[in-house]
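Descriptive analysis of the structure
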Amino acid sequence: MKKLHPIDVAGAVVTAALTGTTAASLVDHSVSTFVLLTVVLSMLSSGMTLTERVAKAATTELYRCSVEGCTVEIRATRNHAPERLAVLRDMATDHARHGSVAV
Ligand SMILES: [Zn+2]
C-alpha cells in the first residue's frame, strides 16, 4: 500500500481549495454546469499530476556521472535499502563501470 507523504496531503488540500474557490467564482458568473464541471475536473487532474511530480522529486535520489559529456544518470526512490542506493550511486558515478558509453 502506498504510504501517504505529507506533500501528497498538502498538494491535495491546495488543489481542493483552489478548485473550490474557482468553482464558487464561476457559479457567481452563472457559467453553465458543463463548463463548470470541465474546469473543476481539469483543475483537479492537473493539481494531482503536479502533486505527484513534487512528491516524486522529493523522494527520489539522482546520481549522475561526473565525466564530461557522459549523460549516464540513475534515479532511485529513497525507499530502497541504503546498500542498494549505494550500489546504484557507485554505478552512476563511477564512469569505469558504465564506460562502454562513448564520451
Ligand atoms: Zn559516465
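Residues numbered from 1 in each chain as written. Predicted model: local features only at pLDDT ≥ 70, side-chain atom pairs only at ≥ 80, totals over all residues.

Before going further, it helps to spend a moment on the overall build of the protein chain. A count of helical and extended segments in the protein chain gives three helices and two strands. Order of helices (α) and strands (β) in the protein chain, N terminus to C terminus: α-α-β-β-α. For 103 residues, the compact-globule formula gives about 13 Å, and the C-alpha radius of gyration of the protein chain, at 21 Å, lies well above that figure. In terms of principal-axis extent, the alpha carbons of the protein chain reach across some 65 × 30 × 20 Å. (Helix = DSSP H or I, 4+ residues; strand = E, 2+ residues; numbered from the N terminus. Rg over C-alpha atoms; globule rule 2.2 N^0.38 Å.)

A separate point is the domain arrangement of the protein chain. Partitioning the protein chain into domains gives domain 1 (6-58) and domain 2 (60-98). Centre-to-centre, using C-alpha coordinates, domain 1 lies 36 Å away from domain 2. (Domains from an automatic or database assignment.)

Turning to the packing of helix α1 (residues 6-28) against helix α2 (residues 33-58), a few remarks are in order. Relative to each other, α1 and α2 sit at 160°, their axes nearing to 9 Å. Our classification of the angle between α1 and α2 gives roughly antiparallel. Crossing geometry of α1 relative to α2 is assigned as right-handed. Side by side, α1 and α2 meet where Ile-7, Asp-8, Gly-11, Ala-12, Thr-15, Leu-18, Thr-19, Thr-22, Ala-23, Leu-26 and Val-27 of the first sit next to Leu-36, Val-39, Val-40, Met-43, Leu-44, Gly-47, Met-48, Leu-50, Thr-51, Val-54, Ala-55 and Ala-58 of the second. (Axes fitted to C-alpha atoms, helices over the stretch in contact; angles between N-to-C directions. Parallel < 35°, antiparallel > 145°, perpendicular 65-115°, else oblique. Left-handed = near helix turned anticlockwise from the far one by under 90°. Contact = placed C-beta atoms within 7 Å.)

You can see Thr-19 is positioned in helix α1. For the pair Thr-19 and Met-43, spaced 24 residues apart in sequence, the C-alpha separation works out to 6.2 Å. Beyond its immediate sequence surroundings of up to four residues, Thr-19 is in contact with Val-40, Met-43, Leu-44 and Gly-47.

With respect to the helices, strands and loops of the structure, Thr-21 is situated in helix α1. Sequence-wise, Thr-21 and Thr-59 are 38 residues apart; in three dimensions their C-alpha atoms are separated by 30 Å.

Mean pLDDT for the protein chain: 85, with 94% of residues reaching 70 or above. Looking across the protein chain, the model is least confident in α1, with a mean pLDDT of 84, and most confident in helix α3 (residues 82-93), with 92. (pLDDT = per-residue confidence, 0-100.)

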